[in-house]
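One letter stands for each residue in the lines below.
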Amino acid sequence: MQLKIFSTAFLLFFLATFSFAGPDMNEGKWQITTKTEIKGMPMQMPPQTYTQCIKKEDIVPETQTQNNMNDECKILNHEVNGDTVTWEIECKSNNGGVSTGKGTVTYNGDTMEGRVDINVSGGNMGDVKMIQHMNGKRIGDCK
């Protein structure tokens, strides 16, 4: 009987420890570079680099769209599976356009790599499909 109780307690401890451990990501100030592909455009935009403070409780990196525009964006949901974070996002722009997207990023300590697929509809751009490839590295502590 004691062996069964010990085994059950050990299993619960093991599951709790690894279920809530989160991805292998070191919190801090991150430098993120995005390369954006716009479907149907022969000439692509140059890569853009920005910085963001990323913490375990706010693990979804900003997209370049969020970072540069005055859009009202919200993360609809996100999941953590091992070192990979997935999410859905919706942004409403001042010109009446709506952007929706799905993103994924995989952390590896002080580096990350990911992708966001974005659909823009309405507004000044019409209907556009974009893919943002991102990679990043931790460059220090948050201030």
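All values derive from a computational prediction rather than experimental measurement. (Residues numbered from 1 in each chain as written. Predicted model: local features only at pLDDT ≥ 70, side-chain atom pairs only at ≥ 80, totals over all residues. Heavy atoms only, no water.)

Asker: What should I look at first to understand the pattern of salt bridges in this one?
Answerer: Two side chains with opposite charge may pair up if their charged atoms get near one another. One pass over the full model with this rule turns up two salt bridges. For Asp117, the salt bridge is made with Arg115, and the minimal N-O distance between the two is 2.9 Å. For Asp141, the salt bridge identified is with Arg138, shortest N-O distance 2.5 Å. The exposed category is assigned to Asp141, whose relative accessible area is 55%. Classification of Arg138 as partly exposed rests on a relative accessible area of 25%. (Salt bridge = Lys/Arg side-chain N within 4 Å of Asp/Glu carboxyl O. Buried < 20%, exposed > 50% of the residue type's maximum accessible area, 1.4 Å probe, protein only.)

Asker: So what exactly am I meant to see when it comes to the sheet that holds strand β5 (residues 98-108) here?
Answerer: The strands that make up a sheet are held in pairs by hydrogen bonds between backbone atoms, and each pair lies either parallel or antiparallel. Strand order in this open sheet of seven strands is β2-β1-β7-β6-β5-β4-β3, and the pairing throughout is antiparallel. A strand with exactly one partner marks an edge of an open sheet, and here the two such strands are β2 (48-54) and β3 (72-81). Sheet twist, expressed as the mean angle between neighbouring strand axes with direction ignored, is 25°. Here ten bridges tie strand β6 (residues 111-121) to strand β7 (residues 128-140), and the two strands are oriented antiparallel to one another. Residue Val116 lies in a different strand from β7, and its bridge partner there is Gln132. (Pairing = 2+ DSSP bridges. Helix = DSSP H or I, 4+ residues; strand = E, 2+ residues; numbered from the N terminus. Axes fitted to C-alpha atoms, helices over the stretch in contact; angles between N-to-C directions.)

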